[in-house]
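# Commentary on secondary and tertiary structure
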Amino acid sequence: MEDWTKRETVIAFCKGLSPDVREDYPFHDDNWTVMRHWQNKKAFAFLYEREGHIWVNVKCSPEWLLFWRDAYPAVRPAYHMNKAHWNTIVLDGSVPVEDIQNMLAESWRLTAPKGKENHSC
């Protein structure tokens, strides 16, 4: 069983969304991993360690933004991001894996190159 409190698990899941997904380290800080569409360079997940856990920033549809925050204390307004469009998931084991995967896939879809938004994961 995969450990969804680990950075490597999230990176592997993101790479499995599309062959276009790449892992990037643009901040010259090994603590920050950015998962992005290589074709349009748009980022859809920012991973970093903070307060003893891996945190992941994901883009979110406005209609789901508050739903996720209300559903789980470990989903919060995004750290260092636009809080009207991004949430942070704290990977402390309290958010079900399926919901983490759904949030990551939604972020991937929202940032996909034009014409790829509706492709299934």
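Residues numbered from 1 in each chain as written. Predicted model: local features only at pLDDT ≥ 70, side-chain atom pairs only at ≥ 80, totals over all residues. Heavy atoms only, no water.

### Structural notes on helix H3 (residues 97-111)
- Taking 1.5 Å of rise per residue, 15 residues should cover 21 Å, and H3 covers 21 Å from first to last C-alpha, within 8% of that figure.
- Here H3 has its buried residues at Asp99, Ile100, Met103, Leu104, Ala105, Glu106, Ser107, Trp108 and Thr111. (Helix = DSSP H or I, 4+ residues; strand = E, 2+ residues; numbered from the N terminus. Expected span 1.5 Å × (residues − 1). Buried < 20%, exposed > 50% of the residue type's maximum accessible area, 1.4 Å probe, protein only.)

### So, the pairing of strand E3 (residues 43-50)
- For E3, the buried fraction is high: six of the eight residues fall into the buried class.
- With four bridges connecting them, strand E2 (residues 33-37) and E3 associate as antiparallel partners. Across the sheet, methionine 35 pairs through a bridge with alanine 45, a residue of E3.
- The pairing of E3 with strand E4 (residues 53-59) spans six bridges and is classified as antiparallel. Paired with phenylalanine 46 across the two strands is asparagine 57, which belongs to E4.
- Remark: two residues form the turn of the hairpin made by E3 and E4, two consecutive strands paired antiparallel; glutamate 51 in that turn has positive phi of roughly 55°. (Pairing = 2+ DSSP bridges.)

### Some remarks on the confidence of the model for the protein chain
- A residue-level look at the protein chain finds 94% of positions with pLDDT of 70 or above and a mean pLDDT of 93.
- The least confident element of the protein chain is helix H2 (residues 62-71), whose mean pLDDT is 95; the most confident is strand E6 (residues 86-91), at 98.
- Throughout residues 117-121 the model reports pLDDT below 50, and contacts reaching past four residues in sequence, or to other chains, amount to eight contacts. (pLDDT = per-residue confidence, 0-100. Contact = heavy atoms within 4.5 Å.)

### Examining the pattern of salt bridges
- As enumerated under the stated definition, the model contains three salt bridges in all.
- Arginine 50 is paired through a salt bridge with glutamate 51; the nearest N and O atoms lie 3.8 Å apart. (Salt bridge = Lys/Arg side-chain N within 4 Å of Asp/Glu carboxyl O.)

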